[in-house]
Amino acid sequence: MLFRRGRTMFVVVAVFWLWLLIGSADFISGLFDSPFYALLALYGLGVVTLISLLVAGLSIVYMVANRPERAELPVNDAARPGMAELAPVIRLVPRRVADHSIALTNKAAAKWRDLAS
């Protein structure tokens, strides 16, 4: 999850930098009717540019520190043909019931049975 957040932030920063390189000049030239607004826009873009460098660095650190492990594809043995195409089994029992089923009282177990039916 953290890898995806880092990747999303990196894409947002990349889109900002692309806009900064391509479209920000037109935005700032539209503000030259008032020198105050033009100065405020240039200051704001300067600050956001510096902050975006920090955010880009942090997003790269998130992506490197939380990169997902490579999933190994199952080997298709001769003894088990077609097993690689099968979908993984999904457990429909809630985790706390599956892990602590002995500790549940009869009332709670009945509640789970009623919800499951």
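That block above? That's the structure.
Conventions we followed
- Residues numbered from 1 in each chain as written.
- Predicted model: local features only at pLDDT ≥ 70, side-chain atom pairs only at ≥ 80, totals over all residues.
- Heavy atoms only, no water.
- Helix = DSSP H or I, 4+ residues; strand = E, 2+ residues; numbered from the N terminus.
- Buried < 20%, exposed > 50% of the residue type's maximum accessible area, 1.4 Å probe, protein only.
- Areas by Shrake-Rupley, 256 points an atom, 1.4 Å probe, with all protein chains shown as cover.
- Contact = heavy atoms within 4.5 Å.
- Phe/Tyr/Trp six-rings, centres within 6.5 Å; stacked < 30°, edge-to-face > 60°.
- Expected span 1.5 Å × (residues − 1).
- Arc of directions from axis to C-beta.

*Asks:* Before we move on, can you summarise the overall build of the protein chain with the specific residues and values?
*Replies:* Of regular secondary structure, the protein chain possesses five helices and zero strands. Ordered by position from the N terminus, the helices and strands of the protein chain form the series α-α-α-α-α. Expressed as a percentage of the 117 residues in the protein chain, the buried residues total 13%. Accessible area for the protein chain stands at about 10,300 Å²; split by element, carbon and sulfur atoms hold 67% of it.

*Asks:* How would you explain the side chain of Thr49 if you had to name every residue and give the values?
*Replies:* Position of Thr49 relative to the elements: it lies in helix α3 (residues 35–65). Residue class for Thr49 comes out buried when judged on its relative accessible area of 15%. Ignoring anything within four residues of it in the chain, the contact list for Thr49 reads Phe16, Trp17 and Leu20.

*Asks:* Kindly report on the packing of aromatic side chains, identifying the contributing residues and their values.
*Replies:* This structure, assessed with the given rule, holds two aromatic pairs. Judged by centre distance (6.2 Å) and plane angle (35°), the ring pair of Phe16 and Trp19 falls under tilted. Taken together, the residues span about one helical turn, with Phe16 and Trp19 both in helix α1 (residues 2–22) at a distance of three residues. Residue class for Phe16 comes out buried when judged on its relative accessible area of 17%.

*Asks:* Residue-level account of α3, with values.
*Replies:* The end-to-end C-alpha distance of α3 is 45 Å, a good match for the 45 Å that 31 residues give at a rise of 1.5 Å each. On the buried face of α3, the contacting elements are α1 and α2 (24–29).

*Asks:* Tell me about α1, residues and numbers included.
*Replies:* If you check α1, its first and last C-alpha atoms are 30 Å apart, about what 21 residues at 1.5 Å a residue would give, namely 30 Å. Of the residues making up α1, those classed as buried are Gly6, Val13, Phe16 and Leu20. Along the long axis of α1, the arc covered by the buried residues comes to 85°, so they all point the same way. In this structure, α1 carries Val15, Leu18 and Ile22 as exposed residues pointing more than 90 degrees from its buried face.

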